[in-house]
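# Structural overview for review
Residue-level listing of the chains:
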Amino acid sequence: MRILTLSGSLRARSTNGALLHAAGSLATAEGTAVTTADIGGLPHFNPDLDGEGAVPPAPVAALRKSVAEADAVLIVSPEYAHGVPGVLKNALDWLVSSGEFIDRRVAVITASPNPAGGDYANTQLRETLRMMTGTVIDEACLMVGTVGARLDRDTGEITDPDLTTQLKAALKALTAP
Ligand SMILES: Cc1cc2nc3c(=O)[nH]c(=O)nc-3n(C[C@H](O)[C@H](O)[C@H](O)COP(=O)(O)O)c2cc1C
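In this report, we go over the structure that sits alongside the text. Model, not experiment: these values are computed from the prediction.

On to the overall build of the protein chain. Looking only at helices and strands, the protein chain has 5 helices and 6 strands in total. Starting at the N terminus and walking to the C terminus, you meet the elements of the protein chain as β-α-β-α-β-α-β-α-β-β-α. Taken over C-alpha atoms, the radius of gyration comes to 15 Å for the protein chain, in line with the 16 Å a tight globule of 177 residues would show. When the backbone C-alpha atoms are referred to their principal axes, the protein chain occupies close to 50 × 35 × 25 Å. When contacts within the protein chain are restricted to residue pairs at least 6 apart in sequence, those whose partners lie at least 24 apart make up 78%. Counting only carbon and sulfur atoms, one obtains 53% of the accessible surface of the protein chain, whose full area is about 8800 Å². Across the protein chain, the centroid of the 14 positively charged side chains sits 3 Å from that of the 20 negatively charged ones.

Written as C-alpha cells, this is what we have:
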C-alpha cells in the first residue's frame, strides 16, 4: 500500500502540514509507504499546455507519475476565504484531463483554528474529486476544528489523543482492502 500526500498549505509552520506529517508517521508505523508531492512549484494550469500531444512541464509530469503510482491519496488542507487554496486547486486542475485520479482512493482532511474545521473547503474538495471520478472515502475524511489547541505549538506533534484516534481511523478507512 502506497499513500501519496498533498498539502494545501505552503507555510513553514503549517498546522495542516503538521497533521500531514503525523498521518504519515502513523501510516508508516502500519507498514504503509508514504510520499509527499511538492505542489508549490507547479506552473499555473493552462489548457494550452495540456492538450493532446502536449509535453507537460516537468513538475506536472512528476506529479502525475506520483499519483499514478499511489494506491491512495491523502489531501490535507486549510480553507481560504471559504474555499480551496489556489495552490491545491491548481494541482488538481493539472490532474483533471490526464486521468490519474480515476478510481483512485482519496481522503480529504481540512484543519482550521475555526471550530468548523474548514467545512467549506472540505465539501468543495470532495465535490471536485468526485467530478474527477476519484473514489472519495467519506469515512476517511475529517474536518479538524480548533487545530492550534490540539497540536504542540513548537513541535507540531498532536497533543489531543482523540485526534490521533480519528487520524488512525481515517487512515484505516483509506487503506482498507
Ligand atoms: C487568506 C486566508 C484566508 C483564510 N480563510 C479562512 C476561512 O475561510 N476559514 C477558516 O476556517 N480559516 C481561514 N483562514 C485561517 C486559516 O485556517 C489559518 O491561517 C490556518 O492556520 C491555515 O492553515 P496552515 O496552518 O496549515 O497554514 C484563512 C487564512 C488566510 C491566510
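Text resumes after the structure shown.
With that out of the way, let us pick up helix α1 (residues 15-29). Taking 1.5 Å as the rise per residue, α1 with 15 residues should run 21 Å; its terminal C-alpha atoms sit 21 Å apart, in good agreement. Asn16, Ala18, Leu19, Leu20, Ala22, Ala23, Gly24, Leu26 and Ala27 are the residues of α1 that are buried. Here the buried face of α1 lies against β1 (2-7), β2 (33-36), β3 (72-77), β4 (105-111), β6 (142-144) and α5 (161-175). Where α1 begins, the capping side chain belongs to Ser14, and its oxygen is found 3.1 Å from the backbone nitrogen of Asn16.

Here the largest pocket defines a volume of roughly 370 Å³. Along the walls of the largest pocket sit 20 residues, with Ala18, Asp152, Arg153, Thr155 and Gly156 positioned nearest its centre. Here the residues of the lining of the largest pocket sort into 6 nonpolar, 8 polar and 6 charged.

A packed helix pair is summarised by two numbers, namely the angle formed by the two axes and the spacing between the axes. For the pair α1 and α5, the least separation of the axes is 10 Å and the interaxial angle reads 60°. Regarding the angle of α1 to α5, the classification is oblique. At the point where α1 passes α5, the crossing takes the right-handed sense. For the pair α1 and α5, the contacting residues are Leu19, Ala22, Ala23, Leu26 and Ala27 in the first and Leu163, Thr164, Leu167, Lys168 and Leu171 in the second. Broken down by class, the residue content of the contact of α1 with α5 amounts to 8 nonpolar, 1 polar and 1 charged.

On to the packing of aromatic side chains, then. The full count for this structure, using the stated rule, is 1 aromatic pair. When the centroid spacing of 5.0 Å and the interplanar angle of 85° are considered together, the rings of Phe45 and Trp94 count as edge-to-face. You can see Phe45 sitting in the loop between β2 and α2 (58-69) and its partner Trp94 sitting in helix α3 (residues 86-96), a full 49 residues away along the chain. Using a relative accessible area of 26% as the deciding quantity, one classes Phe45 as partly exposed.

Moving on to the nonpolar core. Ranked by size, the top nonpolar core spans 51 residues in total, and within it Leu19, Leu63, Leu74, Ile75, Phe101 and Leu129 carry the most contacts. Per-element tally for this core: the top contributor is α1, with 7 residues. With residues up to four places along the chain from it excluded, the contact list for Leu63 reads Leu6, Ala37, Ile39, Leu42, Ala91 and Leu95.

Of all residues adjacent to the ligand, which total 13 residues, the nearest are Ser9, Arg11, Ser14, Thr15 and Ser112. Measuring from an oxygen atom of the ligand, one finds a side-chain N or O atom of Ser9 at 2.7 Å. Within the contact set of the ligand, an oxygen atom lies 2.5 Å away from a side-chain nitrogen or oxygen of Ser14. Bound to the protein, the ligand loses 66% of the 620 Å² it would expose on its own.

Below, the discussion takes up unusual backbone geometry. In this structure, Asp103 takes a positive phi of about 65° despite not being glycine. The backbone phi angle of Thr133 is positive, close to 60°, even though this residue is not glycine. Looking at where Thr133 falls in the secondary structure, it is placed in the loop between α4 (119-131) and β5 (135-136).

Here is what the cut-offs are and how they apply
Residues numbered from 1 in each chain as written. Predicted model: local features only at pLDDT ≥ 70, side-chain atom pairs only at ≥ 80, totals over all residues. Heavy atoms only, no water. Helix = DSSP H or I, 4+ residues; strand = E, 2+ residues; numbered from the N terminus. Rg over C-alpha atoms; globule rule 2.2 N^0.38 Å. Contact = heavy atoms within 4.5 Å. Areas by Shrake-Rupley, 256 points an atom, 1.4 Å probe, with all protein chains shown as cover. Lys, Arg positive; Asp, Glu negative; His and termini not counted. Charge placed at Lys NZ, Arg CZ, Asp CG, Glu CD. Expected span 1.5 Å × (residues − 1). Buried < 20%, exposed > 50% of the residue type's maximum accessible area, 1.4 Å probe, protein only. Polar contact = N/O pair within 3.5 Å; in protein donor to acceptor, adjacent residues only side chain to side chain. 1 Å grid on protein atoms, 1.4 Å probe; cavity = no way out; pocket = protein on both sides within 12 Å on 5 of 7 lines; lining within 4 Å. Points joined across faces, edges and corners; volume = space filled by probe spheres on them. Nonpolar A, V, L, I, M, F, W, Y, C, P; charged D, E, K, R; others polar. Axes fitted to C-alpha atoms, helices over the stretch in contact; angles between N-to-C directions. Parallel < 35°, antiparallel > 145°, perpendicular 65-115°, else oblique. Left-handed = near helix turned anticlockwise from the far one by under 90°. Phe/Tyr/Trp six-rings, centres within 6.5 Å; stacked < 30°, edge-to-face > 60°. Core = buried A, V, L, I, M, F, W, Y, C linked by side-chain atoms within 4.5 Å. Near = heavy atom within 4 Å.

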